[in-house]
Amino acid sequence: MGGAVGGGGAVAGGGGWRGAGVAGAAIGVIAGGGAAGVAIERLTVGRGMRKKARLALDAAGPYGALRGMPGTAYADDGTELSYEVEDIGTEEADAAAGGGGRGVRARRLRGRGRRAPEPVTVVFSHGYCLNQDSWHFQRAALRGVVRAVYWDQRSHARSGRGVDQVERAVPVSIDQLGRDLKAVIDAAAPEGPLVLVGHSMGGMTTMALADQFPELIRERVVGVALVGTSSGRLGEVNFGLPVAGMNAVRRVLPGLLRTLGSQADLVERGRRATADLFAGVIKRYSFSRKDVDPAIARFAERMIEATPIDVVAEFYPAFAEHDKAEALEHFAELPVLVLAGTEDLVTPSGHSEAIAALLPDAELVLVPDAGHLVMLEHPELVTDRLVELIARAGAGRAAAGTGTSDR
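The shown structure was predicted, so the numbers you read here are calculated from the model rather than taken from an experiment.

Observations concerning the overall build of the protein
(1) Moving on: For the protein, the count of helices and strands is 18 helices and eight strands.
(2) Moving on: In the protein, the proportion of contacts linking residues at least 24 apart, taken out of those at least 6 apart, comes to 81%.
(3) Moving on: Entry remark: accessible area of the protein is about 16100 Å², with carbon and sulfur atoms responsible for 55%.

Shown next as structure tokens:
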């Protein structure tokens, strides 16, 4: 998942859109627990000053500006899925990555007993209420060095709204997201070995792909990274709240989200009016460090804010039903990286430990002082581990002496 609160919400009350925003802010502060102090501080600072600060951060932090060759895949219900491909050694990628940086990355990948990594395609799947730009730092480091595919999950960012959800009122399921990933792979990387990288909901999407298309994993996948994700039992997560408070939230949240989703226009106006309040809640559930770069915090805030409230409401129930522990067996013979922040309140690191327990040969990396958006909070560490995984995956392939089809 991207943010536990999904950019916040608002209750449609008799006071119009301002009432919706204030009520939603109150719910956000309650859900944020310790974020109440941040909210009070924000209320004491002039709104104009805060707006200027946000604009300055948006201008100073060019995060999410990297673009590749665009393409469109089509899900089995007709939903348009937007993806971008970064190829190896294109002039654009070389210039953007910088000659020295690209050379260093290439040497590091090739210096681990393997040939050049050109045949491998790395497919990145993002989390709930985020988009493909959440991989900004990894994309900047790897572009021009490996072939990579970044895509937006249905109803997120540049992808189309889910056709089944809009036209047929079919609930979103993690299995559907797994089929969406298969459609993206078929369109963007129809041949050759794959390394699959998923954060949060993207990790669940990767598990759902394996569950439904085990032959694809067996024949083509050479490595998997599961970042800040879970194989199930998400209904037990308390988001850092006391037991009594979390029980209350569990009782009211599903119905509340349905109400919010049905009054999206009203709620969106309320969200904008209380954006400063939600920023503190978003930061609490995204990062652990108090000194996280404000421009990075603002970048995360923008991604989460951009997710429409009806999309937040549509996706939320799917997590309680997610159970893909048995699907992990399809990764048992592969190099697997399981990585999580120790202070993650959304998908606690215990869930990553549970995944690693089912994959005893996997590399488990628990990052101290890291929250849910560990790839933004500790980008070098995450990138280095991914580089090592890609190198291991390639070395294993080279040692086999053939392609992946006869593994």
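Let's pick the thread back up.
Here's the deal with the pairing of strand E5 (residues 194-199)
Two faces make up the sheet, and in a regular strand the side chains alternate between them.
(1) Moving on: With respect to burial, E5 is a largely interior element, six of its six residues being buried.
(2) Moving on: Burial of E5 is two-sided: the residues Leu194, Leu196 and Gly198 facing one way and the residues Val195, Val197 and His199 facing the other way are all buried.
(3) Moving on: Of the strand pairs in this sheet, strand E3 (residues 121-125) and E5 are connected by five bridges, and their pairing is parallel. Its bridge partner lying in E5, Thr121 is registered against Leu194.
(4) Moving on: Of the strand pairs in this sheet, E5 and strand E6 (residues 221-227) are connected by six bridges, and their pairing is parallel. Across the sheet, Leu196 pairs through a bridge with Val224, a residue of E6.

Observations concerning unusual backbone geometry
(1) Moving on: In this structure, Ser155 takes a positive phi of about 70 degrees despite not being glycine.
(2) Moving on: When its relative accessible area of 5% is taken as the criterion, Ser155 is described as buried.
(3) Moving on: Positioned with a positive phi, Ala157 is a non-glycine residue whose angle comes to about 50 degrees.
(4) Moving on: Counting through the fold element by element, Ala157 comes out in the loop between strand E4 (147-151) and helix H7 (163-168).
(5) Moving on: Accessibility expressed as a relative area gives 49% for Ala157, which makes it partly exposed.

A closer look at the packing of aromatic side chains
The relation between two aromatic rings is expressed through the spacing of the ring centres and the mutual angle of the planes.
(1) Moving on: Counted by the stated rule, this structure contains six aromatic pairs.
(2) Moving on: On the numbers, 5.3 Å between centres and 55 degrees between planes, the contact of Tyr63 with Phe137 is tilted. Placement of the pair is Tyr63 in the loop between helix H3 (47-60) and strand E1 (69-74) and Phe137 in helix H6 (residues 136-142), with a sequence separation of 74 residues.
(3) Moving on: Here the aromatic cluster, defined as three or more aromatic residues joined through ring pairs, consists of Tyr63, Phe137 and Phe299.
(4) Moving on: Positioned over the ring face of Tyr150 is Arg139, at 4.4 Å from the centre of the ring.
(5) Moving on: In this arrangement the basic side chain of Lys182 is found over the ring face of Phe213, its NZ or CZ atom lying 5.2 Å from the centre.

What about the nonpolar core?
(1) Moving on: Counting residues in each nonpolar core, the largest one holds 59 residues, and the members touching the most others are Phe124 and Leu376.
(2) Moving on: With near-sequence residues (within four places) excluded, Phe124 lies in contact with Trp135, Gln138, Leu142, Ala148, Val149, Tyr150, Trp151, Val197 and Leu386.

Looking at the pairing of E1
(1) Moving on: Pairing analysis gives six bridges linking E1 to strand E2 (residues 80-86), with the strands arranged antiparallel. When the bridges of E2 are listed, Ala73 appears paired with Leu81.
(2) Moving on: Turn length for the E1-E2 hairpin, with the two strands adjacent in sequence and antiparallel, is five residues, and the turn residue Gly78 shows positive phi of about 95 degrees.

Observations concerning the environment of Ser231
(1) Moving on: Inspection of the secondary structure assignment puts Ser231 in the loop between E6 and helix H11 (243-262).
(2) Moving on: Setting aside chain neighbours within four positions, we find Ser231 in contact with Met207, His322, Asp323, Lys324, Ala325, Leu328 and Ile355.

Focus on the confidence of the model for the protein
(1) Moving on: On average, residues of the protein score 80 in pLDDT, and 65% of them reach the 70 mark or higher.
(2) Moving on: A low-confidence stretch, residues 96-104 (pLDDT under 50), is modelled with 10 contacts involving residues beyond four sequence positions or located in other chains.
(3) Moving on: This model gives residues 113-118 a pLDDT under 50, and the stretch forms 15 contacts once residues within four places in sequence are excluded.

A closer look at helix H16 (residues 349-358)
(1) Moving on: Looking at H16, one finds that the buried residues are Ser349, His351, Ser352, Ile355 and Ala356. Seen from one end, H16 has its buried residues packed into an arc of 155 degrees, which puts them on one side.
(2) Moving on: Contact partners of the buried residues in H16: helix H9 (201-212), E6, strand E7 (336-341) and strand E8 (363-367).

Considerations on the side chain of Thr307
(1) Moving on: Of note, Thr307 is situated in the loop between helix H14 (294-305) and helix H15 (309-321).
(2) Moving on: With a relative accessible area of 4%, Thr307 lands in the buried category.
(3) Moving on: From its side chain, Thr307 meets the backbone oxygen of Cys129 in a polar contact 3.2 Å long.
(4) Moving on: A polar side-chain atom of Thr307 sits 3.4 Å from the main-chain carbonyl oxygen of Met303.

Cut-offs applied
Residues numbered from 1 in each chain as written. Predicted model: local features only at pLDDT ≥ 70, side-chain atom pairs only at ≥ 80, totals over all residues. Heavy atoms only, no water. Helix = DSSP H or I, 4+ residues; strand = E, 2+ residues; numbered from the N terminus. Contact = heavy atoms within 4.5 Å. Areas by Shrake-Rupley, 256 points an atom, 1.4 Å probe, with all protein chains shown as cover. Buried < 20%, exposed > 50% of the residue type's maximum accessible area, 1.4 Å probe, protein only. Pairing = 2+ DSSP bridges. Phe/Tyr/Trp six-rings, centres within 6.5 Å; stacked < 30°, edge-to-face > 60°. Lys NZ or Arg CZ within 6 Å of the ring centre and 35° of its normal. Core = buried A, V, L, I, M, F, W, Y, C linked by side-chain atoms within 4.5 Å. pLDDT = per-residue confidence, 0-100. Arc of directions from axis to C-beta. Polar contact = N/O pair within 3.5 Å; in protein donor to acceptor, adjacent residues only side chain to side chain.

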